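Structure assessment
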Amino acid sequence: MEVFTKTDIGLVRKENQDSSAYSVISSDCVWAVVCDGMGGAQGGKTASSVAVQYITELIEREYKNDMDDEALADMLTGAVAGANLTVYKMAMDDPDLAGMGTTCDLVFVRGNIAHVVHVGDSRTYSIRDGKILQITEDHSLVQEMVRRGEITAEQAMKHPNKNLITRALGVAHEVRIDYIEAEFSKGDTLLICSDGLSNFVSRADMVKTVSECKGDILIDTLVEIAKRHGGHDNITVTVIY
């Protein structure tokens, strides 16, 4: 398996508050994390970078090749919970960082299983045989409205409150974390991104780009499409295949 990642400030924002990291542990074991920060001049970047650093260090310290899937799931959800508490305590201790938080999508692929830990509205997609599946569900105000049948998914894409999220790391002592297991097969592509990509790149363009490009060209092309369609937010995309 291979991993490629890129983050870009976009065309409007003055600072990139996205952070990401990844590691290739072996030929059939990789992980990646994408965090999209929010809050104040310093807060967003601090929240996302601290969360990524905490998660990275914990996985490097605690992962063992002989872990079963249950132990792995506990480690991954524990890493995100620990990142939440770390960011929260920093925000409580420093008035300049008050109110900061971050989304988090952590994906750990081992063998034929993708373990996905998710908070916020960053997204993880699976692309297989020309079809795309969104593995995660946004923790956002408009997604709640879609779930209640008040608006359609198409209306949600253009809703003025689409950026209001209902869960994030660092805003409370504890956070509800989604854990999902998804099948991963040879030929699949996992795409992990901040909303700076998903809000500006259609699913059709994601599938088309994945089918036509690989490696650095793939992620460069996705970022350029997001910028061509406005680039109003920071853009981060990671692909695993």
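The structure displayed is predicted, hence computed values, not measured ones.

Across its full length, the chain holds seven helices and 11 strands. Relative to its length of 241 residues, the chain is compact, with a C-alpha radius of gyration of 17 Å against a globular reference of 18 Å. For the chain, the C-alpha atoms occupy an extent of roughly 50 × 45 × 35 Å along the three principal directions. With 241 residues in all, the chain has 53% of them scored as buried. Here the analysis covers contacts within the chain between residues at least 6 apart in sequence; of these, 70% occur between residues at least 24 apart. Taken as a whole, the chain presents about 11,100 Å² of accessible surface, with 50% of it coming from carbon and sulfur. Both charge centroids of the chain, one from 23 positive and one from 37 negative side chains, sit 5 Å from each other.

On to the pattern of salt bridges. A full pass over the atoms with the stated rule returns 14 salt bridges. Among the ionic pairs, Glu62 bridges to Arg61, the shortest N-O distance being 3.8 Å. With relative accessibility at 34%, the residue Glu62 sits in the partly exposed group. Close ionic contact of Arg148 with Glu150 constitutes a salt bridge, the shortest N to O distance being 2.8 Å. Its relative accessible area of 51% is what places Arg148 among the exposed residues.

Let's shift gears to the nonpolar core. Of all hydrophobic cores here, the largest spans 31 residues; its most connected members are Val33, Ile55, Ile59 and Leu106. For this core, the elements supplying multiple residues, two or more each, are strand S3 (29-38), helix H1 (43-62), helix H2 (69-93), strand S5 (104-110) and strand S6 (113-119). Take this core: its biggest share by element is eight residues, from H2. Formed by 22 residues, the second largest nonpolar core is a distinct cluster that contains Leu191, Cys193, Leu222 and Val239.

Mapped onto the secondary structure, Asn65 falls in the loop between H1 and H2. Considered as a pair, Asn65 and Val223 are 158 residues apart in the sequence and their alpha carbons are 34 Å apart. Those residues in contact with Asn65 that lie beyond four places of it in its chain are Ile25 and Arg110.

The interhelical angle for the contact between H1 and H2, taken along N-to-C directions, is 140°, at an axis separation of 9 Å. Here H1 lies oblique to H2, going by the angle between them. As for the relative orientation of H1 and H2, their crossing is right-handed in sense. Of the residues in H2, those in contact with Thr46, Ala47, Val50, Ala51, Tyr54, Ile55, Leu58, Ile59 and Glu62 of H1 are Met75, Leu76, Ala79, Val80, Gly82, Ala83, Thr86, Val87 and Met90. Looking at the contact of H1 with H2 residue by residue, the class counts come to 14 nonpolar, three polar and one charged.

Positive phi, close to 50°, is recorded for Asp129, a residue that is not glycine. With respect to the element layout, Asp129 can be found in the loop between strand S7 (123-128) and strand S8 (131-134).

The rules behind these values
Residues numbered from 1 in each chain as written. Predicted model: local features only at pLDDT ≥ 70, side-chain atom pairs only at ≥ 80, totals over all residues. Heavy atoms only, no water. Helix = DSSP H or I, 4+ residues; strand = E, 2+ residues; numbered from the N terminus. Rg over C-alpha atoms; globule rule 2.2 N^0.38 Å. Buried < 20%, exposed > 50% of the residue type's maximum accessible area, 1.4 Å probe, protein only. Contact = heavy atoms within 4.5 Å. Areas by Shrake-Rupley, 256 points an atom, 1.4 Å probe, with all protein chains shown as cover. Lys, Arg positive; Asp, Glu negative; His and termini not counted. Charge placed at Lys NZ, Arg CZ, Asp CG, Glu CD. Salt bridge = Lys/Arg side-chain N within 4 Å of Asp/Glu carboxyl O. Core = buried A, V, L, I, M, F, W, Y, C linked by side-chain atoms within 4.5 Å. Axes fitted to C-alpha atoms, helices over the stretch in contact; angles between N-to-C directions. Parallel < 35°, antiparallel > 145°, perpendicular 65-115°, else oblique. Left-handed = near helix turned anticlockwise from the far one by under 90°. Nonpolar A, V, L, I, M, F, W, Y, C, P; charged D, E, K, R; others polar.

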